[in-house]
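# Reading the structure
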Amino acid sequence: MSNATVIKTADLPQAFLEVHPHNLYLYCKAYAANLRANTAQTKNRSAVSGGGKKPFAQKGGGRARQGSIRAPHFRGGGVVFGPTTDRNYTQKVNKKQKRLALMHALADKAANEKLFVVDSVAVESGKTKDAKAFVDSFGQRDLLVVKEMIDDKTFLAFRNLQQSYLIEENELNGYLAAAYHAIVIEKAVWDKLTKES
């Protein structure tokens with residue numbers, strides 16, 4: 001691990017600075033929607049047990065006619081418009097918008113001087129204390145660490161740290177970039193990001 005370079009707004013390609021922030025909002029909204037478990041469910045009148053028998057005679061009692069005690073207006077009856085598990089919360093995001101969202105998130109970090117580039121991220125000892133020393137050296141609340149290819153030793157060192165999250169370059173997206181207080185990126189990954197823009 002080497003000394004970190006702080007990326008500022010002036011160091012970014014012009015394309016990063018021209019992205020409208022609404023792209024990041026739409027991507028984060030879709031990302032959160034796609035994470036929904038969709039487990040909320042209620043029973044309608046056909047799913048509630050009981051109520052097969054007509055509660056009382058149709059005529060002669062002076063009361064309104066009823067066919068089942070499991071109708072929605074009865075206690076213990078079914079729910080009328082409750083949630084069901086067949087609802088699809090997935091939202092589509094175009095590839096271009098994903099890219100724009102990431103670009104804006106990185107530009108925002110650069111504007112606040114929370115974007116760091118290092119030559120490499122590697123903890124050859126595999127020890128968590130060494131990874132923690134690396135994370136603490138940046139003095140940030142939490143850290144997103146982006147590595148080109150995660151090796152076993154580095155993975156072991158970072159996996160138990162709560163204030164950091166280690167990912168590979170193909171996992172980097174606008175949501176993660178926006179969620180963490182600061183980002184540390186390997187130089188090889190940063191060069192690819194800026195070259196593609």
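A short tour of the structure in this document, coming up. (Residues numbered from 1 in each chain as written. Predicted model: local features only at pLDDT ≥ 70, side-chain atom pairs only at ≥ 80, totals over all residues. Heavy atoms only, no water.)

## Quick notes on the sheet that holds strand β5 (residues 182–186)
Spatially, β1-β2-β5-β3-β4 is the arrangement adopted by the five strands of the open sheet, whose pairing is mixed. At either end of the open sheet lies a strand with only one pairing partner, and these are β1 (5–7) and β4 (164–168). Looking at each pair of strands side by side, their axes are set apart by 25° on average, direction ignored. Sheet topology note: the strand β3 (residues 143–147)/β4 ladder contains five bridges and is parallel. Opposite L144, over in β4, you have Y165 as the bridge partner. Set on the sheet, helix α3 (residues 95–111) makes contact with β1, β2 (115–118) and β5; between it and β5 the angle comes to about 110°. Those strands touched by helix α7 (residues 187–196) are β1, β2, β3 and β5, and its axis lies near 95° from that of β5. (Pairing = 2+ DSSP bridges. Helix = DSSP H or I, 4+ residues; strand = E, 2+ residues; numbered from the N terminus. Axes fitted to C-alpha atoms, helices over the stretch in contact; angles between N-to-C directions. Contact = heavy atoms within 4.5 Å.)

## Comments concerning the packing of helix α2 (residues 22–34) against α3
Relative orientation of the contacting elements α2 and α3 amounts to 115°, with a least axis distance of 8 Å. Judged by the inter-axis angle, α2 sits roughly perpendicular to α3. The chirality of how α2 crosses α3 is left-handed. Contacts between α2 and α3 involve N23, L24, L26 and Y27 on the former and, on the latter, Q97, K98, L100, A101, H104 and A105. A per-class count over the contact of α2 with α3 returns six nonpolar, three polar and one charged. (Parallel < 35°, antiparallel > 145°, perpendicular 65-115°, else oblique. Left-handed = near helix turned anticlockwise from the far one by under 90°. Nonpolar A, V, L, I, M, F, W, Y, C, P; charged D, E, K, R; others polar.)

## Things to note about the packing of aromatic side chains
Here a ring pair, both rings aromatic, is described through the centre-centre distance and the interplanar angle of the planes. By the definition in use, this model includes seven aromatic pairs. Here the aromatic rings of Y31 and Y175 are separated by 4.2 Å at their centres, their planes lie at 15°, and the arrangement is stacked. With a gap of 144 residues between them, Y31 in helix α2 and Y175 in helix α6 (residues 174–179) connect regions that are remote in the sequence. Considering the side-chain rings of F134 and F158, the 6.2 Å spacing of their centres and the 80° angle between planes classify their relative orientation as edge-to-face. Of the two residues, F134 is situated in helix α4 (residues 128–136) and F158 in helix α5 (residues 152–158); the sequence distance between them amounts to 24 residues. Members of the aromatic cluster, each reached through a chain of ring pairs, are F116, F134, F138 and F158. Across the ring face of Y89, the terminal group of R36 is positioned such that the distance to the ring centre comes to 3.7 Å. Cation over ring: R63 sits above F56, and NZ or CZ is 3.9 Å from the ring centre. (Phe/Tyr/Trp six-rings, centres within 6.5 Å; stacked < 30°, edge-to-face > 60°. Lys NZ or Arg CZ within 6 Å of the ring centre and 35° of its normal.)

## Brief notes about the nonpolar core
One finds L106, I185 and W190 to be the most contacted residues of the largest nonpolar core, which totals 30 residues. For this core, the secondary structure elements donating two or more residues are α2, α3, β2, β3, α6, β5 and α7. Here this core gets seven residues from one element, more than from any other, and that element is α3. Once you skip the residues sitting within four places of it in the chain, L106 turns out to touch F16, L115, I183, I185, W190 and L193. The next biggest cluster of nonpolar side chains, apart from the first, holds 16 residues, and it includes F116, V121, F134 and L166. (Core = buried A, V, L, I, M, F, W, Y, C linked by side-chain atoms within 4.5 Å. Buried < 20%, exposed > 50% of the residue type's maximum accessible area, 1.4 Å probe, protein only.)

## Focus on the pairing of β2
Burial along β2 is two-sided: the face carrying L115 and V117 and the face carrying F116 and V118 are both buried. Bridge count between β2 and β5: four bridges; the pairing is parallel. The residue of β5 that forms the bridge with V118 is E186.

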